[in-house]
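Chain residues, written in single-letter form:
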Amino acid sequence: MIEAVKKLLTKYREAIAYLFFGGLATLLNIVLAMVFRFLGLPTLANTVLDNILCILFAYVTNRLWVFCSSAKGMAAVREFVSFVTCRLGTLVLDVAVMWLGADLLGPRLIAPEHQNLWFLGVKVFSNVLVIVANYVFSKLIIFKKKS
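Residues numbered from 1 in each chain as written. Predicted model: local features only at pLDDT ≥ 70, side-chain atom pairs only at ≥ 80, totals over all residues. Heavy atoms only, no water.

Structural notes on the packing of aromatic side chains
Taken as a whole and assessed by the stated rule, the structure comprises five aromatic pairs. Between Phe20 and Phe21, the ring centres sit 4.9 Å apart and the planes meet at 80°, which makes this aromatic pair edge-to-face. Assessed through its relative accessible area of 16%, Phe21 is described here as buried. Of the aromatic side chains, those joined through ring pairs into one cluster are Phe20, Phe21 and Trp65. (Phe/Tyr/Trp six-rings, centres within 6.5 Å; stacked < 30°, edge-to-face > 60°. Buried < 20%, exposed > 50% of the residue type's maximum accessible area, 1.4 Å probe, protein only.)

Dropping the structure here:
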């Protein structure tokens, strides 16, 4: 039984690590977004700032523990630039979803006393979309295995 579990963990190590560290990055993203909202930052500034901090966190965790990259020198620089470039793409997605959901629809659909809860819901929804896109970018572009 233990050997079967070890075999499954070994087989799915990358996906499990991605889910774990992606979950931490998502939690960090949501917590930062709510903190910045309570500090009065507008949605655009809030989303950009929380993404910058989460991109740095995600790069380190993805490089070291998810995809176990051993790139050095210029290869590591290219990897970082590729990572940031792809994450900027999903930053645009996050900004668009937050603008549409929190800034455009929220005030029209939701009572003022429920705006923070609505903002949180939109942020969680946006994070689901971003997680899927980030995994695809990471797996197929940034940390692809060399043949």
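Additional details are given in the paragraphs that follow.
Examining helix 4 (residues 73–109)
Between its first and last C-alpha, helix 4 extends 51 Å over 37 residues, near the 54 Å set by a 1.5 Å rise per residue. At Trp99, helix 4 shows its maximal kink, close to 30°. (Helix = DSSP H or I, 4+ residues; strand = E, 2+ residues; numbered from the N terminus. Expected span 1.5 Å × (residues − 1). Bend = angle between axes of the 7 residues up to and from the residue.)

What about the environment of Phe67?
For Phe67, the location among the structural elements is in the loop between helix 3 (43–66) and helix 4. What makes Phe67 buried here is its relative accessible area of 2%. Along the primary structure Phe67 and Phe57 are separated by ten residues, whereas in three dimensions their C-alpha atoms are 14 Å apart.

A few points about a nonpolar patch on the surface
Taken together, the side chains of Met1, Val5, Leu8, Leu9, Tyr12 and Ile16 present a nonpolar region at the surface, about 630 Å² in accessible area. Considering each element in turn, the nonpolar patch owes the most residues, three residues, to helix 1 (residues 2–11). Mapped onto the elements, Leu9 comes out in helix 1. (Patch = residues over 30% accessible without salt bridge, like charges linked within 9 Å, V, L, I, M, F, W, Y side chains within 5 Å. Areas by Shrake-Rupley, 256 points an atom, 1.4 Å probe, with all protein chains shown as cover. Salt bridge = Lys/Arg side-chain N within 4 Å of Asp/Glu carboxyl O.)

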